[in-house]
Amino acid sequence: QKLLPICREWKEQGQIGKRKLNLLTRALALLFVFGQTFGMIQKTSDSLAVCFLIPLIAAAGCAILIWFADLINSQGIGNGTSILIMASMSNNLIDSLKEIKQNYYDNLFTNNFDPKLLTQFILIILVLLLFLIVTVIVQITSLKIPVQYARNQSPSKSNSYIPFKINTAGVMPVILANALMQPFKMLIPIIKNNQGFENFVNYLTNIDVVNFALSLHILLIIVFSFFSTFMNVNPEDISEHL
């Protein structure tokens, strides 16, 4: 909203401006889904009808998910978008837990006992719990900045403060970093028979244990963290509401 003055104007228009912003974000989401699906379908089909029909179906599915997220918000259940993202990620979580069970738990209690395998299993569980605890702490922790009023001549400390969440950006930096890499992958089927470009895209996007793609991904997350915080926290608006 700081980068797009028209969005800032809409924000100041109340409910009417909010509807305009919602309409803009939904239109961009549908266009992004259509473009991404179109790029993916071109890898497997040369039919122009199929390349347009499948993206239209995907865009329709995206519209249904947007409606479902709004329905969750309107019922006061929680943040609809976050709940849908969590539901989508749960599938990968279940697969990961199944893999851990097959590789460690089943081998420990069905085959010969291996102390090394038991140690690895315990370490994995502890690391997962540690990540869960740290994530919850970071998510709920806030910095209380005391507010000092000029008219308050009392030497005692004021009870007024501004709470700032440490993780103001939330999960948006991760989503934006992944979204930024998607257009490069979408261009591969469009720019055909160009092995150099495909190798370049793979070099940027294929994340391994330690490689340039992983470093680039971490750097983008850090950059988008500052960007998201800059977009969400407006000192002028905060000062006006004091």
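For the structure, check the block above.
Residues numbered from 1 in each chain as written. Predicted model: local features only at pLDDT ≥ 70, side-chain atom pairs only at ≥ 80, totals over all residues. Heavy atoms only, no water.

Enquirer: Which parts of the structure should I look at to understand the overall build of the chain?
Expert: Check the secondary structure of the chain and you find nine helices and two strands. Its helices and strands taken in sequence order, the chain reads α-α-α-α-α-β-β-α-α-α-α from the N to the C terminus. Across the 242 residues of the chain, 19% fall into the buried class. Taking all contacts inside the chain whose residues are at least 6 apart in sequence as the whole, residues at least 24 apart take part in 45%. About 17800 Å² of surface is accessible on the chain, with carbon and sulfur atoms providing 67% of the total. (Helix = DSSP H or I, 4+ residues; strand = E, 2+ residues; numbered from the N terminus. Buried < 20%, exposed > 50% of the residue type's maximum accessible area, 1.4 Å probe, protein only. Contact = heavy atoms within 4.5 Å. Areas by Shrake-Rupley, 256 points an atom, 1.4 Å probe, with all protein chains shown as cover.)

Enquirer: For this particular structure, what's the right way to read the pairing of strand 1 (residues 142-146)?
Expert: Residues in a regular strand point their side chains to alternate faces of the sheet. Sparse coverage of strand 1 is indicated by the burial of zero of its five residues. Sheet topology places strand 1 next to strand 2 (residues 161-165); five bridges connect them, and they run antiparallel. Along strand 2, the bridge assignment pairs Lys 144 with Pro 163. (Pairing = 2+ DSSP bridges.)

Enquirer: Before we go on, may I ask you to explain the pattern of salt bridges in this structure?
Expert: A side chain of one charge can pair with a side chain of the opposite charge when the charged atoms of the two come close. For the structure shown, the criterion picks out one salt bridge. Across the salt bridge formed by Asp 70 and Arg 26, the nearest N and O atoms sit 2.5 Å from each other. One end of the pair, Asp 70, is in helix 3 (residues 48-74); the other, Arg 26, is in helix 2 (residues 15-41), and 44 residues separate them in sequence. Residue classification places Asp 70 among the partly exposed residues on the basis of a relative accessible area of 32%. Taking the relative accessible area as the measure of exposure, Arg 26 reaches 24% and is therefore partly exposed. (Salt bridge = Lys/Arg side-chain N within 4 Å of Asp/Glu carboxyl O.)

Enquirer: Is there a simple way to think about the side chain of His 217 in this case?
Expert: You can see His 217 is positioned in helix 8 (residues 212-232). Take His 217: its relative accessible area is 14%, and that puts it in the buried class.

Enquirer: I keep staring at the side chain of Thr 37 and nothing clicks. Help me out?
Expert: Here Thr 37 is to be found in helix 2. You can call Thr 37 buried: its relative accessible area is 14%. Polar contacts involving the side chain of Thr 37 include one to the main-chain carbonyl oxygen of Val 33, which spans 2.7 Å. If sequence neighbours within four positions are ignored, Thr 37 has contacts with Ile 54, Pro 55 and Ala 58. (Polar contact = N/O pair within 3.5 Å; in protein donor to acceptor, adjacent residues only side chain to side chain.)

Enquirer: For this particular structure, what's the right way to read helix 2?
Expert: At 3.6 residues per turn, the α-helix brings residues three or four places apart onto the same side. The terminal C-alpha atoms of helix 2 lie 39 Å apart, and with 27 residues this matches the ideal 39 Å at 1.5 Å per residue to within 8%. Residues Gly 17, Leu 21, Val 33, Gln 36, Thr 37, Phe 38, Gly 39 and Ile 41 constitute the buried set of helix 2. (Expected span 1.5 Å × (residues − 1).)

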